Every structure is written in C-alpha cells, then in structure tokens.
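# An overview of the molecular structure
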Amino acid sequence: MKKIVFATSLLVLSFVAISQDNMFVIYSMKGNISVISNKTETKAKIGGILENDAVIKVPAGSIATLICNEARMFSLNKPGNYPIGSLKDSCVVSKSSVNANYVKYIWSEFTKAHGSPEKNRKNYMANVGAVGRGDINNVWVDPRLDSVNYVSGTIPLSWKAYTEAEEFDFKLYDDSKTKVLLAKTVKKKHVDISELLKLIQPGKIYYWSATVKGEPENADRKYVHYVTKDNYVSFYNSVKQHDASETDAEMNFRLGFVLEENHYIAEAFNHYMKATQLDPTNSLYRFTFMSFKKDFEIK
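Let me sum up the structure you'll find in this document. Here the structure is a predicted model, which means the values were calculated and not measured. (Residues numbered from 1 in each chain as written. Predicted model: local features only at pLDDT ≥ 70, side-chain atom pairs only at ≥ 80, totals over all residues. Heavy atoms only, no water.)

Right, let's get into the packing of helix α5 (residues 265–278) against helix α6 (residues 283–295). Between α5 and α6, the shortest axis-to-axis distance is 9 Å and the interhelical angle comes to 150°. Between α5 and α6, the interaxial angle falls into the category roughly antiparallel. For the element pair α5 and α6, the recorded crossing hand is left-handed. Contact residues: Ile 265, Ala 268, Phe 269, Tyr 272, Met 273, Ala 275 and Thr 276 in α5; Tyr 285, Arg 286, Thr 288, Phe 289, Phe 292 and Lys 293 in α6. (Axes fitted to C-alpha atoms, helices over the stretch in contact; angles between N-to-C directions. Helix = DSSP H or I, 4+ residues; strand = E, 2+ residues; numbered from the N terminus. Parallel < 35°, antiparallel > 145°, perpendicular 65-115°, else oblique. Left-handed = near helix turned anticlockwise from the far one by under 90°. Contact = heavy atoms within 4.5 Å.)

Take a look at the structure:
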C-alpha cells in the first residue's frame, strides 16, 4: 500500500501546458499502477497529475483512486488501460458528499504552492465564520468553537483575551440561553468540558460564555450539543466509507478533517493523532496535528 507523499516538487507545478477541461491527480493506489504518457510507461506516483493524453494502467488486483477537478474522488478497481480523456464522466460532483471539502483541500495540497499546508485546512471547511469579537472587545472565541458536538472524551472550551486579565467569568446555560447551570471564575482561558459532565445530558443542547472578570457579561452564547452515541455512530458510519486503495493513515487523516469540519473536536483529535502514529514520517499529518492542538488549546 502506497502512502501520500507531499513532495515539495508537487507544490510548484505549472499548468500552462494543460488545456483539457478536466484534470486528474492520483490520490492513492494499491498494486503496480503505471502511467503511459508520450509513449513512455512510468510507475505511477501519489500526487502525480495525469494529462489528457495519458493512459493509466491498472493490473488485476490493483486499485487507483483519482481526484478530478479538485472536487470529485473516484476509484478504478477493475483491471484495464484507462485513457484519461475518457474519464470525464467520472468528474460529476455530488453536492451532498461529506468529503467534498476534504477533496478540495487535498487537491490544493497536491497542486498549489503555499507556505503552511497544515493550516490551510481551515480555508476548506464549511460552517466556519469570520473571527469576531462580539460585543465585548476583550474576549473572543474562535469561530470553530461557536458550535461543538460533544460525544465523549475531553476537550477545552477556550477563548482568547486582548488584555492581560488574570481572571475570567465562565457561565454555562441551558437551551434557553438564560438559565445559568454553572457560574465560576477561572484563571485560565478555558474550561474543560469534563468539568461539566455532571450538569449536561446526552441529546440536549447547552450554551456558554466567557467574560473578563469585572466587565459586563458577554451576551454572545456559544453552542454545545451533547450528541448521543447512537446519533454519532450513525453519522460516523456515513463518513467512514472508503475505497480499498486508501491506507489506514489516509483514512484517519480524512476522518480527522471531516469530523473537525462537523465540529466533533474530540473525535477529530483521535483520528489526527492516529494518522500521525500510522505514518510518522508524513509532515502534513504531523504539522496538521500540531496546528489542530494549538488551535483548540489541547495539550
């Protein structure tokens, strides 16, 4: 099984000579996949761009997964020679695909030059608004923590401060946003969700806020949904499906991205970590995991 290799040379490509409407990149593969281009046959490479006149050869027992036009992933799992120009019908995009933004992200990593790929994932995630300070200028919450789907484990509900304040008032509310279930003063810029487990119940929605101690209460409430395990398993199974050419490391990295995008922070953490353990030499996995932990104040 091949591994994704994010080589520097793949990030400085020029597409001036490519004129077809559809473009294809090799995402993953299993077996002895080769490519015929300009009458020359070479071993296929992860991240390789397939030009319109190329032919990809898939021997028996092999699988190649391609990305088309940055938003469609599909597999060639039957033996044969596939002219790239004949694969345009495979570029039809399903708008309901939960992996669509991940595919765009990986396409970008393979084909565009940028300095910090592990942080670029934020630009490809839906439901992430612009950073705003709300009505209290000294405290704001990262937009990705505006909504949290919690199932199990432990994650911090964190915020930033624009002052050197030493204490903060944290409040937890019920689904009415008015009834206070917990009020406490803390010296750190987060409250671990494990501290709230005696007050919250699966299947219910809660809200929270943080304010510099002594300042007017912040009216901006952040959303926490305590998701039941059955509902989470149903969602997880819908996104876990993958083709046989995807390595365990690739699958875990993809699931980390999709779960983070859907606000399952603790579960995303576990899959990002698993990806780095399975493929410790992959710099994208490693730096993404480090960036993720920093973003969410996870130690």
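After that view, the rundown keeps rolling.
Once that is clear, we can look at the sheet that holds strand β6 (residues 63–68). Ordered in space as β4-β1-β6-β7, the four strands form an open sheet in which the pairing is antiparallel. With partners counted over all chains shown, the strands left at the sheet margins are β4 (49–50) and β7 (72–76), one partner each. Where β6 and β7 come together, five bridges link them in antiparallel fashion. Across the sheet, residue Cys 68 finds its bridge partner in β7, namely Arg 72. Sheet contacts for helix α1 (residues 100–111): β1 (24–30), β4, β6 and β7; angle to β1, the most-contacted strand, approximately 100°. (Pairing = 2+ DSSP bridges.)

On to the sheet that holds strand β14 (residues 180–186). Reading across the sheet, the five strands line up as β10-β17-β16-β13-β14 and stay open at both edges, with mixed pairing between neighbours. Edge positions in the sheet fall to β10 (147–150) and β14, since each has one partner strand and no second. Recorded for the sheet is a direction-independent mean angle of 20° between the axes of neighbouring strands. In this structure, strand β13 (residues 168–173) lies alongside β14, joined through six bridges in antiparallel fashion. Within β14, the residue paired with Phe 168 across the bridge is Val 186.

Below, the discussion takes up the nonpolar core. Core analysis: the largest hydrophobic core is formed by 79 residues, its most contacted members being Phe 24, Ile 56, Leu 66, Trp 159, Trp 208 and Phe 253. Per-element tally for this core: the top contributor is helix α4 (residues 248–261), with seven residues. For Trp 159, the contacting residues outside a window of four places in its chain are Val 139, Trp 140, Val 141, Phe 168, Phe 170, Val 186, Lys 188, Lys 189, His 190, Val 191, Trp 208 and Ala 210. (Core = buried A, V, L, I, M, F, W, Y, C linked by side-chain atoms within 4.5 Å. Buried < 20%, exposed > 50% of the residue type's maximum accessible area, 1.4 Å probe, protein only.)

This part is about α1. Counted at 1.5 Å a residue, the expected span for α1 with its twelve residues is 16 Å, and the 17 Å between its end C-alpha atoms agrees. In terms of burial, α1 is largely enclosed, as eleven of its twelve residues are buried. Of the positions making up α1, those classed as buried are Ala 100, Asn 101, Tyr 102, Val 103, Tyr 105, Ile 106, Trp 107, Ser 108, Glu 109, Phe 110 and Thr 111. (Expected span 1.5 Å × (residues − 1).)

Tallied over the full model, the rule gives 19 aromatic pairs. Between Trp 159 and Phe 168, the aromatic rings sit 5.9 Å apart at their centres with planes inclined by 65°, giving edge-to-face as the arrangement. Residue Phe 168 is classed as buried on the basis of its relative accessible area of 0%. In textbook terms, an aromatic cluster arises when at least three aromatic residues are bridged by ring pairs, as seen for Tyr 102, Tyr 105, Phe 253, Phe 257, Tyr 272, Tyr 285, Phe 292 and Phe 296. The residue whose ring lies beneath Arg 221 is Tyr 173, and the NZ or CZ to ring-centre distance is 4.1 Å. Directly above the ring of Phe 287 sits Arg 286, whose terminal nitrogen or CZ lies 5.0 Å from the centroid. (Phe/Tyr/Trp six-rings, centres within 6.5 Å; stacked < 30°, edge-to-face > 60°. Lys NZ or Arg CZ within 6 Å of the ring centre and 35° of its normal.)

Here we come to the environment of Lys 88. Mapped onto the elements, Lys 88 comes out in the loop between β8 (80–83) and α1. The exposure class assigned to Lys 88 is exposed, which follows from its relative accessible area of 53%. Those residues in contact with Lys 88 that sit more than four places away from it in its chain are Asn 22 and Phe 24.

Time to look at helix α3 (residues 229–240). With twelve residues, α3 extends 16 Å from end C-alpha to end C-alpha; this agrees with the ideal 16 Å at 1.5 Å per step. Within the sequence span of α3, burial applies to Tyr 232, Phe 235, Tyr 236 and Val 239. Projection of α3 onto a plane perpendicular to its axis shows the buried side chains occupying an angular sector of 100°, all on one side. In α3, the exposed positions that point more than 90 degrees away from the buried face belong to Asp 230 and Ser 234. (Arc of directions from axis to C-beta.)

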